[in-house]
Amino acid sequence: MTQSSTIAPALTFGAGRVTTTGPGLDGRLADLLADKMIVMTGVTGFIGEQLLWKILTELPTTTAGVIVRRKGSADARSRVLSLLKKKIFTELVAAAGSTEALLEQRIVVIEGDLPNVPELPDELDVVVHCAGDVSFDPPIDQAFTTNVVGTERLMEQMLAAGKRSGKTPHYVHISTAYTAGRRRGAIPEAAHVHDIDHRAETEQGLGLRALVEAESRTSERLTQLRTEAELEHRQAGYLTTAADTERRRKAWVEAELVTAGTERARSLGWTDVYTFTKALGERVVAEVGADIPVSVVRPAIVESSWKHPYPGWIEGFKMAEPLILAYGRGDLPEFPASPDSVVDIVPCDHVVNAILAVCATNPEPGRPEFYHVSSGARNPLTFSDLYRHVRNYFLAHPFVGGDRGVASLPVWKFPGAASVERFLSTSERSHKIGEAVLRRVPRSKPARALAKNLDRTKRRLDFLARYLGLYNEYAQSELHFVDDNTLRLHHCLHPDDVDSFAFDTADYDWTTYLEEVHCPSITEPVRRMDALRRKRGNRPTTMKPLTPRTDSDPDRSEVVAVFDLDGTVMRTNVVEQYLWARLPELGAAEKVAELGSLVRALPGWLRAERKDRGSFLRAMYRRYAGADLAALETFVDEHMAGHILDRVSPEAIRRIREHRAAGHTTILITGVIRPLTRPLMPLFDTIVAADLDTDASGRCTGYLSTPALVGESRAAWLHHYATLHEVDLQRSFAYADSHSDLPWLSVVGNPVAVSPDIPLMRAAGTNQWTIVDWASTPRTPVWVMPS
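Residues numbered from 1 in each chain as written. Predicted model: local features only at pLDDT ≥ 70, side-chain atom pairs only at ≥ 80, totals over all residues. Heavy atoms only, no water.

Peer 1: Would you mind showing me how to read the overall build of the protein chain here?
Peer 2: Within the protein chain, the regular secondary structure consists of 26 helices and 19 strands. Across its three principal directions, the C-alpha atoms of the protein chain cover 110 × 60 × 55 Å. With 787 residues in all, the protein chain has 53% of them scored as buried. Put simply, 78% of the contacts in the protein chain that link residues at least 6 apart link residues at least 24 apart. (Helix = DSSP H or I, 4+ residues; strand = E, 2+ residues; numbered from the N terminus. Buried < 20%, exposed > 50% of the residue type's maximum accessible area, 1.4 Å probe, protein only. Contact = heavy atoms within 4.5 Å.)

Peer 1: So what exactly am I meant to see when it comes to helix α5 (residues 99–106) here?
Peer 2: Spacing of three or four residues puts side chains on the same side of an α-helix, whose turn is 3.6 residues. If you check which residues of α5 are buried, you get T99, L102, L103 and R106. Along the long axis of α5, the arc covered by the buried residues comes to 100°, so they all point the same way. In α5, those exposed residues whose orientation departs by more than 90 degrees from the buried face are E104 and Q105. Next to the buried residues of α5 lie α2 (46–58), β2 (63–68), α3 (76–83), α4 (90–96) and β3 (107–111). (Arc of directions from axis to C-beta.)

Peer 1: I would appreciate a short explanation of the side chain of H173 in the present structure.
Peer 2: By secondary structure assignment, the location of H173 is in strand β5 (residues 170–174). Note on H173: relative accessible area 1%, which makes it buried. Engagement of the side chain of H173 in a polar contact is seen with the side chain of Y171, the distance being 2.8 Å. Leaving out residues up to four positions away in the same chain, H173 has contacts with H129, T151, G281, E282, V285, S295, V296 and V297. (Polar contact = N/O pair within 3.5 Å; in protein donor to acceptor, adjacent residues only side chain to side chain.)

Peer 1: Would you mind going over the confidence of the model for the protein chain with me for this structure?
Peer 2: Segments scoring low in pLDDT should not have their predicted coordinates read at a detailed level. Within the protein chain, residue pLDDT values average 88, and 91% of them lie at 70 or more. Every residue in residues 1–20 is under pLDDT 50, and counting partners more than four places away or in other chains gives 43 contacts. (pLDDT = per-residue confidence, 0-100.)

Peer 1: Would you mind showing me how to read the sheet that holds strand β18 (residues 750–754) here?
Peer 2: The strands making up a sheet associate through hydrogen bonds between their backbones, and the pairing can be parallel or antiparallel. Here we have six strands laid out as an open sheet, ordered β14-β13-β12-β17-β18-β19, and parallel in their pairing. Across the chains shown, the open sheet's two edge strands, defined by having one partner strand only, are β14 (686–690) and β19 (770–772). Taken pair by pair, the neighbouring strands of this sheet meet at an average axis angle of 20°, ignoring direction. Where β18 lies against β19, three bridges are found, and the strand directions are parallel. When the bridges of β19 are listed, V752 appears paired with T770. (Pairing = 2+ DSSP bridges. Axes fitted to C-alpha atoms, helices over the stretch in contact; angles between N-to-C directions.)

Peer 1: So what exactly am I meant to see when it comes to the side chain of T271 here?
Peer 2: With respect to the helices and strands, T271 occurs in the loop between α9 (238–267) and α10 (273–288). Accessibility expressed as a relative area gives 6% for T271, which makes it buried. A distance of 3.1 Å separates the side chain of T271 from the side chain of T275, its partner in a polar contact. Setting aside anything within four residues of it in sequence, one finds T271 in contact with G181, R182, R266, E473 and Y474.

Peer 1: Where do I start with the state of the cysteines in this structure?
Peer 2: Disulfide: a covalent bond connecting the sulfur atoms of a pair of cysteines. In the structure shown here, the tally under the stated rule is zero disulfides. The cysteine C519 is free of any disulfide, with C348 supplying the nearest cysteine sulfur at 17 Å. (Disulfide = S-S within 2.5 Å.)

Peer 1: Can you walk me through the pattern of salt bridges in this structure?
Peer 2: It is possible for side chains of opposite charge to pair when their charged atoms get near one another. Taken as a whole and judged by the stated rule, the model has 44 salt bridges. Ionic pairing is found between R329 and D530, a salt bridge with its closest N-O pair at 2.9 Å. Here D530 lies in helix α18 (residues 510–536) and R329 lies in the loop between α11 (321–328) and β9 (345–347), a separation of 201 residues in the sequence. For D530, a relative accessible area of 11% corresponds to the buried category. Taking the shortest distance from any N to any O, the salt bridge between R448 and D773 comes out at 2.5 Å. Taken together, the positions of R448 in helix α15 (residues 445–475) and D773 in the segment after β19 put the pair 325 residues apart, joining distant regions of the chain. Overall, D773 belongs to the partly exposed group, its relative accessible area being 35%. Here the residues in one salt-bridge network are E152, R153, E156, R199 and E287, joined through shared partners. (Salt bridge = Lys/Arg side-chain N within 4 Å of Asp/Glu carboxyl O.)

Peer 1: Got a minute to help me understand the packing of aromatic side chains in this structure?
Peer 2: Aromatic ring pairs are defined here through the distance separating the ring centres and the angle between the ring planes. Taken as a whole and assessed by the stated rule, the structure comprises 24 aromatic pairs. Consider the rings of W306 and Y513, whose centres lie 6.3 Å apart with planes at 50°: the pair is tilted. Here W306 is found in the loop between β8 (301–303) and α11, whereas its partner Y513 is found in helix α18, with 207 residues between them in sequence. Ring geometry for Y327 versus Y387: centroids 5.9 Å apart, planes at 85°, classification edge-to-face. Here the residue Y327 occupies a position in helix α11, and Y387 occupies one in helix α13 (residues 383–396), the gap between them amounting to 60 residues. Y327 sits in the buried class, given a relative accessible area of 2%. A residue is classified by how much of its surface remains accessible, and Y387, at 14% relative accessible area, is buried. The residue whose ring lies beneath K87 is Y310, and the NZ or CZ to ring-centre distance is 4.6 Å. (Phe/Tyr/Trp six-rings, centres within 6.5 Å; stacked < 30°, edge-to-face > 60°. Lys NZ or Arg CZ within 6 Å of the ring centre and 35° of its normal.)

Peer 1: Would you take a moment to explain a nonpolar patch on the surface for this structure?
Peer 2: Judged by side-chain polarity, I433, V437, V441 and L450 come together as a nonpolar surface patch covering roughly 310 Å² of accessible area. Secondary-structure assignment places L450 in helix α15. Assessed through its relative accessible area of 31%, L450 is described here as partly exposed. (Patch = residues over 30% accessible without salt bridge, like charges linked within 9 Å, V, L, I, M, F, W, Y side chains within 5 Å. Areas by Shrake-Rupley, 256 points an atom, 1.4 Å probe, with all protein chains shown as cover.)

Peer 1: Would you mind showing me how to read the nonpolar core here?
Peer 2: Nonpolar side chains tend toward joint burial in soluble globular proteins. L52, F89 and V128 are the most contacted members of the largest nonpolar core, which has 108 residues in total. If you tally residues by element for this core, the top one is helix α12 (residues 348–359), at nine residues. Residues in contact with V128, not counting those within four places in the same chain, are I38, V39, M40, T41, L51, V172, I174, I355 and C359. Judged by nonpolar contacts, the second largest core, of 51 residues, contains L579, L598, L683 and Y735. (Core = buried A, V, L, I, M, F, W, Y, C linked by side-chain atoms within 4.5 Å.)

Peer 1: Can you help me understand the environment of N485 in this one?
Peer 2: Counting through the fold element by element, N485 comes out in helix α16 (residues 484–491). Along the backbone, N485 and Y387 are 98 residues apart, and their C-alpha atoms lie at a distance of 30 Å. A polar atom in the side chain of N485 sits 2.8 Å from the backbone oxygen of F370.

Peer 1: What's the story with the sheet that holds β3 in this structure? I'm lost.
Peer 2: Spatially, seven strands are ordered β3-β2-β1-β4-β5-β7-β10 in an open sheet, and the strand pairing comes out parallel. Edge strands, defined here as strands with exactly one partner in the open sheet, are β3 and β10 (369–373). Between one strand axis and the next, the sheet turns through 20° on average, direction left out of account. Examined bridge by bridge, strand β1 (residues 37–41) and β2 share four bridges and lie parallel to one another. Counterpart to V39 in the pairing with β2 is G65.

Peer 1: Sorry if this is basic, but what is going on with the packing of helix α6 (residues 140–165) against helix α7 (residues 198–216) here?
Peer 2: Packed helices, taken two at a time, are described by the angle between their axes plus the distance between the axes. At a minimum axis separation of 8 Å, α6 and α7 run at an interaxial angle of 140°. By the criterion of interaxial angle, the relationship of α6 to α7 is oblique. You can see that α6 and α7 cross each other, and the crossing is left-handed. Across from I140, D141, F144, T145, V148, V149 and E152 in α6, the residues of α7 making contact are R199, E201, T202, G205, L206, L208 and R209. Residue composition of the contact of α6 with α7, grouped by class: six nonpolar, three polar and five charged. (Parallel < 35°, antiparallel > 145°, perpendicular 65-115°, else oblique. Left-handed = near helix turned anticlockwise from the far one by under 90°. Nonpolar A, V, L, I, M, F, W, Y, C, P; charged D, E, K, R; others polar.)

Peer 1: Help me out: how do you make sense of the pairing of strand β17 (residues 733–736) in this one?
Peer 2: In summary, the side chains of a regular strand alternate between the two faces of the sheet. Residues F733 and Y735 of β17 are buried on one face, and the alternating residues A734 and A736, pointing to the opposite face, are buried as well. As judged from the three bridges shared by strand β12 (residues 560–563) and β17, these two strands associate in the parallel manner. Its bridge partner being in β17, A561 is matched across the sheet by F733.

As structure tokens, then:
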């Protein structure tokens, strides 16, 4: 195998030098760990899963104790059985006879979590703590709970078990190399020097949630959040606005706690709250484990396996994957890295092998041993090298398909963090201008296309902002992790263990690892999903195909298909319909006066509609005051029916008829006055419309007899109707075009957005609802009045 990176020591602080101090290995690992119990946390995580596989595969008489928390209705045992059904355990399960047999023979399940650690088995010999909050930016209280308090509780239970059994356990703590924080230069395999009081920091960090929650409930904060929600959702109704206000409040709390963690960490010299709390966790380990054997393993950036259980094995996306995939999609135009900075990547199997080797050592009580599992000291990979390898891979194996065909790969110039931040800031300002323009253009296909482009841009900018914020510190890092202790331990491996347990990070080359192992592994599931989407095409998700109902159909439950009218079934509006009914009876001068009156009232109506469509409809229908309702119905039947039906979408008629053939009850819910729905009566089983109030002589008073059904009132009506008629709403359908329809679209299992406005289009995209365009091409121009 040809090395693409120089393995000779590139630094002068002992890289490649094998030290002779520290505990070693006297025999094969299977013998050294024979008949012992290794209790471990984090078995459902990336490193923990492979660690369990390695124990079960290579250490035949070692028992694995796994601490697993209950998740929903699944208890710890069920979760471990599900874990054993994964691909890497197939041979082990086959040899044991079943997943249950494998569990019974080799695994002790301990239900619990961090920090609620249960009593541990007395027979334990080694505890490997590889669980923890691995997100770089968790809320500060969550980071302290898991990485500091959880570590202390685990060690206390371990010591209690050792006291009961009379054994002295070996505690192996899996930390991170980046607990070094914002230091520069050589980082020794030793405890970090700092004077941070971990107990005081923990107390303050845990207490922040109560303070931030209290701030989120102040009148000033709630007013701000409610105003933001109303700007977006006021047409949908008060309950929708209230729900969004609360969603925004909770999101604000989490964001504040994330910011608090980041700022506190950086104020004390760490890159983020993850590395900060992991560093404090190491201090807890030193204090609680002062009288027992302790080892601390510090991996760098852990990625897919080099060799075991197979090349490229990985679970989920880790640190580099989102960036690599974004680059392959053409969505990462630059990165704020120093091209000559080392990105310290290490394969997962090297980390797991090192952990098990450490488990087999016997460190002196009171003298913790530290091990860096890293590549930068002896097999350095720079950001420019990483970029070159990833680019080479995607040039040879591009992503294909989608709206843009083959992605165009950006060419990175490494202009520096400041330049990338300016690009991001400029792009965000341009996006805001685009959104302002979008709010002022009428609803149309081009407007929806513009919105989709803006949404795509927003997702890209949000991705860039998040990951640049998270990784900027690491991309500029000048840390060099000394790994002499780890290399010494590697050289202590028995010759017969080297093939299975090697962890010398100079043993692989980056060209092979990145271009032939890692990138193919992480892109394969993405390509598979892309191919599946291409095969499916634009098959609808909620616009389900309908078939005629037969007497043999097994499910005879009641299903409804509910349709909105204006903008959905037909292309018109209540103002246009009023003019159809009103203008034919007026003289020329009266027509001009009526039109002028409408134009003057229109701005006020639009303002009312933005706040509450019901208010707009009530104001509009005042103009029917004095009209003879019976005469209006006759005029609709004899003169307006053709105009109305001419504007009904053929696709809508076809879909309504399909629902009726399928045995579904068809319902029209509209804010239009009932006389104007008369031509549509043959299409629907039930029509819910606005009813004009009349006096004793049958003339309209200008008021409605009941409020028009709009927004949330439609959802309430639909729930009530379903209760009365035993309707299965999850199997039912709804069709509408406006954001104000969002509440009642959400009631049914199959909502469809028809030629939607921008807010509904975005909601439909978020909820994976089908979006359709039902065109209407009337034969008569809009200005031609019924006669």
